[in-house]
Structure formats: structure tokens, C-alpha cells
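Tertiary structure, described
Single-letter residue listing:
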Amino acid sequence: MFWQNHDPSSSCSRQYMSAIFYHGEEQHKLAKSTMEKESKTRKVATVIAPAKEFYNAEDYHQKYMLQKHPELMEFLELKRGPELVDSYVATRLNGYIAGYGEKSDFEAEKDELNLSDEALEYVRDNFKYTLNQC
């Protein structure tokens, strides 16, 4: 999944680089073996390194695509900060808004997301270009 969802060939600054941070030898071996396999088909600039202390990105980076839709944020009663960072619903909607997932995926989990009618209508009306991928 990692290799299919981003461009591992891009050489970016540290804050945007492609990286796999592992916890333990098993994860390290898995990361190396999948990278070797991926390297056979394209250039890979991904860094593999041990996980160390982790810092959350600044608030304006969190759920970036969702934050571009203040009306939906208002329906969800979310603002920048820890609540947004930790919100499962915000995470799922941010992915759909960014074009990950299909309409059938969204429809299958919409009840679990506990969206208001306004939020549900907003998602359906405004993200047809991402939700119509099936």
C-alpha cells in the first residue's frame, strides 16, 4: 500500500521526504525487502530509518484537504488543534476529499461516521469528482 499511494522517487526537503520509520527488526526487514522490489520498476528515493521521537506537523497541515472546506468543518464542529488531529471522522473525510476511496466505500461507512444530514449532503454535493470513482 505504501508504494502505491505516493511518489517514492521524489527527492524533497526533509519535511516532505518519502520515508519509512520502523520499530524493530521485523519492520526493518519488511521495509527493505519491499523497497528492493519497488526499486526494480522505478527510481526510489525513500529513506528507511529507525523511528525516534515523533512531532506532529503544525495545525495548518493537519487534515489539510478537509480544512479547505470550512463549511464542512463547521458541520463537524471541528477547529484546528488536537481535536482535529485525533478525529477519526476528520481522518476518513480528509481521505475521501483528497480522492482516496470510492463512492461505494463512503456509502458503506457513512452511518459509522455519524454525520449530520447537512454534512452528508455537503460531502455528496461537493465531492462528486472524488466519490464517483467507482
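These lines cover the structure that appears in this document, whether it is placed above or below. For clarity, every value in this text was computed on a predicted model and none was experimentally measured. (Residues numbered from 1 in each chain as written. Predicted model: local features only at pLDDT ≥ 70, side-chain atom pairs only at ≥ 80, totals over all residues. Heavy atoms only, no water.)

A separate point is the side chain of S87. Along the chain, S87 turns up in the loop between α4 (82-86) and α5 (88-97). Looking at S87, its side chain comes within polar contact range of the main-chain nitrogen of A90, at 3.0 Å. If we ignore the near neighbours within four places in the chain, the residues touching S87 are K63 and L78. (Helix = DSSP H or I, 4+ residues; strand = E, 2+ residues; numbered from the N terminus. Polar contact = N/O pair within 3.5 Å; in protein donor to acceptor, adjacent residues only side chain to side chain. Contact = heavy atoms within 4.5 Å.)

Now for the nonpolar core. Among the nonpolar cores identified, the biggest contains 18 residues, and L66, L72, L76, L93, F106 and L115 are the most heavily contacted of them. Secondary structure elements with two or more residues in this core: α3 (70-75), α5, α6 (103-113) and α7 (117-126). Contacts of L76, omitting those with residues within four sequence positions, involve L66, V89, L93 and L115. (Core = buried A, V, L, I, M, F, W, Y, C linked by side-chain atoms within 4.5 Å. Buried < 20%, exposed > 50% of the residue type's maximum accessible area, 1.4 Å probe, protein only.)

Contact pair α6 / α7: the axes reach a minimum separation of 12 Å and the direction vectors enclose 170°. Classed by the angle they form, the pair α6 and α7 counts as roughly antiparallel. Counting all contacts with α6, which are made through F106, E107 and K110, the residues of α7 involved are L120, V123 and R124. Of the residues contributing to the contact of α6 with α7, the split by class is 3 nonpolar, no polar and 3 charged. (Axes fitted to C-alpha atoms, helices over the stretch in contact; angles between N-to-C directions. Parallel < 35°, antiparallel > 145°, perpendicular 65-115°, else oblique. Nonpolar A, V, L, I, M, F, W, Y, C, P; charged D, E, K, R; others polar.)

Let us now look at α5. Of all the positions in α5, only A90, L93, N94, G95, Y96 and I97 are classed as buried. Two to three positions downstream of the cap, the backbone nitrogen of V89 sits 3.4 Å from a side-chain oxygen, assigning the N-cap of α5 to S87. Just downstream of α5 lies G99, where phi reads positive at about 100°.

We now examine the pairing of strand β1 (residues 19-22). Where β1 meets strand β2 (residues 47-50), 4 bridges bridge the pair, whose relative direction is parallel. Its bridge partner lying in β2, I20 is registered against I48. Chirality of the crossover, the property in question, places the unit of β1, helix α1 (residues 25-39) and β2 among those that are right-handed. (Pairing = 2+ DSSP bridges. Right-handed = clockwise from strand over helix to strand, strands pointing away.)

Before going further, it helps to examine the packing of α5 against α6. Relative to each other, α5 and α6 sit at 160°, their axes nearing to 11 Å. Taken together, the axes of α5 and α6 lie roughly antiparallel to each other. You can see that α5 and α6 cross each other, and the crossing is left-handed. The residues of α6 that touch α5, namely those facing Y88, V89, R92, L93 and Y96, are D105, F106, E109, E112 and L113. In terms of residue class, the contact of α5 with α6 is made up of 6 nonpolar, no polar and 4 charged. (Left-handed = near helix turned anticlockwise from the far one by under 90°.)

Here we come to the pattern of salt bridges. Counted under the stated rule, the structure contains 5 salt bridges. The salt bridge partner of E109 is R92, with a shortest N-O separation of 2.8 Å. Of the two residues, E109 is situated in helix α6 and R92 in helix α5; the sequence distance between them amounts to 17 residues. By relative accessible area, which is 32% here, R92 ends up partly exposed. Connected via shared salt-bridge partners are E107, K110, D111 and R124. (Salt bridge = Lys/Arg side-chain N within 4 Å of Asp/Glu carboxyl O.)

Moving on, we come to unusual backbone geometry. Glycine aside, negative phi is the norm for most residues, and most peptide bonds take the trans geometry. The backbone of K63 shows a phi angle near 50°, a positive value even though the residue is not glycine. A positive phi is found at N114, a non-glycine position, where the angle reads about 55°. With respect to the element layout, N114 can be found in the loop between α6 and α7. Given a relative accessible area of 71%, N114 falls into the exposed group.

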